[in-house]
Amino acid sequence: MPRQTKTLLTSRSEASLYLAKAEQFVEEARVATDNSRHDAGMLNSIHAAISAADAVTVALAGRRSTDPDHQRAADLLEEVGANSESIAERVKQLRALLSKKNQVEYESRRATAKEAADSVRRAGRIVEWAGTTVRQARL
């Protein structure tokens, strides 16, 4: 049985604020990665994707996840886009990034240049999609 996601009702007009955070995180991820700060690049990429998911769920449903387990943000995005192939693909991308979060944030192993660059690309695609989605929501 799926876990209940802790959510917060949020004004749909705030979607652009979460999108701005996502854009800021992904830009910092690019800068960090370009400067061989691969751990920072990966972690900022992951945070960019989480904020992008928040932007979309706020724009489309007026809710965002408040669960400390960030996989619940992916669950909420999946719930909001139940029949959307586009959202299902972004959920898959988000889950792939989230699967690296504990490793890069809490383990001693350092992220490689390849891992950081891949994370930045993935997050960039999610953030770009979120921007389109939020704009199309006409808030």
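> Before we go on, may I ask you to explain the overall build of the protein in this structure?
A count of helical and extended segments in the protein gives six helices and two strands. Secondary structure elements of the protein, listed N to C terminal, follow the sequence β-α-α-β-α-α-α-α. Expected size for 139 residues packed as a compact globule is a radius of gyration near 14 Å; at 14 Å, the protein falls within 12% of this value. By the burial criterion, 45% of the 139 residues in the protein qualify as buried. Contacts in the protein between residues far apart in sequence, at least 24 positions, make up 74% of those at least 6 positions apart. Surface accessibility of the protein: about 7600 Å² in total, with carbon and sulfur atoms responsible for 48%.

> Teacher, can you tell me more about the pattern of salt bridges here?
When the charged atoms of two side chains lie near each other, side chains of opposite charge can form a pair. Summed over all chains, the structure comprises 11 salt bridges. Between Arg110 and Asp39 there is a salt bridge whose closest N-O contact spans 2.3 Å. You can see Arg110 sitting in the loop between helix H5 (101-106) and helix H6 (113-136) and its partner Asp39 sitting in helix H2 (residues 38-61), a full 71 residues away along the chain. Across the pair Arg109 and Glu115 runs a salt bridge whose closest N-O atoms are separated by 2.7 Å. Take Arg109: its relative accessible area is 37%, and that puts it in the partly exposed class. Through salt bridges that share partners, Asp69, Arg72, Asp75, Glu78 and Arg95 make up one connected network.

> Any chance you could explain the nonpolar core here in plain terms?
One finds Leu77, Leu94 and Val127 to be the most contacted residues of the largest nonpolar core, which totals 33 residues. Going through the elements one at a time, helix H1 (15-34), H2, helix H3 (71-80), helix H4 (85-98) and H6 are the ones with two or more residues in this core. Among the elements that line this core, the one with the most residues is H2, at 11 residues. Sequence-distant contacts of Leu94, that is, excluding residues within four places in its chain, are made with Ala49, Ile50, Ala53, Ala73, Ala74, Leu77 and Ile126.

> Could you clarify how one ought to interpret H6 in this entry?
Note on helix geometry: an α-helix contains 3.6 residues per turn, so any two residues three or four positions apart are oriented the same way. The terminal C-alpha atoms of H6, which comprises 24 residues, lie 35 Å apart, in line with the 34 Å expected from a rise of 1.5 Å per residue. Residues of H6 that are buried: Ala116, Ser119, Val120, Ala123, Gly124, Ile126, Val127, Trp129, Ala130, Gly131, Thr133 and Val134. Tucked inside the fold, the buried residues of H6 contact H1, H2, H3 and H4. Positive backbone phi, at 50°, marks Arg138, one or two positions downstream of H6.

> What is the right way to read the environment of Gly131 from this model?
For Gly131, the position within the fold is in helix H6. A sequence separation of 116 residues divides Gly131 from Ala15, and the C-alpha atoms of the two residues are 9.5 Å apart.

> What should I look at first to understand unusual backbone geometry in this one?
Most of the time, phi is negative for any residue but glycine, and the peptide bond is trans. A positive phi angle, close to 60°, is found at Ser36, a residue other than glycine. Relative to the helices and strands, Ser36 is located in the loop between H1 and H2. The exposure class of Ser36 is exposed, given its relative accessible area of 53%.

> Can you walk me through the packing of H1 against H6 in this structure?
Helix packing for two helices is described by the angle between their axes and how far apart those axes are. For the pair H1 and H6, interaxial distance at closest approach is 10 Å and the crossing angle is 155°. With respect to H6, the axis of H1 lies roughly antiparallel. Taken as a pair, H1 and H6 cross one another with a handedness that is left-handed. Contact with H1, carried on its side by Ala15, Ser16, Leu19, Ala22, Glu23, Val26, Ala29, Arg30 and Thr33, involves Ala116, Ala117, Val120, Ala123, Gly124, Val127, Ala130, Gly131 and Val134 of H6 and no other residues of that element. Per-class residue counts for the contact of H1 with H6 are 12 nonpolar, four polar and two charged.

Reading the values: the criteria
- Residues numbered from 1 in each chain as written.
- Predicted model: local features only at pLDDT ≥ 70, side-chain atom pairs only at ≥ 80, totals over all residues.
- Heavy atoms only, no water.
- Helix = DSSP H or I, 4+ residues; strand = E, 2+ residues; numbered from the N terminus.
- Rg over C-alpha atoms; globule rule 2.2 N^0.38 Å.
- Buried < 20%, exposed > 50% of the residue type's maximum accessible area, 1.4 Å probe, protein only.
- Contact = heavy atoms within 4.5 Å.
- Areas by Shrake-Rupley, 256 points an atom, 1.4 Å probe, with all protein chains shown as cover.
- Salt bridge = Lys/Arg side-chain N within 4 Å of Asp/Glu carboxyl O.
- Core = buried A, V, L, I, M, F, W, Y, C linked by side-chain atoms within 4.5 Å.
- Expected span 1.5 Å × (residues − 1).
- Axes fitted to C-alpha atoms, helices over the stretch in contact; angles between N-to-C directions.
- Parallel < 35°, antiparallel > 145°, perpendicular 65-115°, else oblique.
- Left-handed = near helix turned anticlockwise from the far one by under 90°.
- Nonpolar A, V, L, I, M, F, W, Y, C, P; charged D, E, K, R; others polar.

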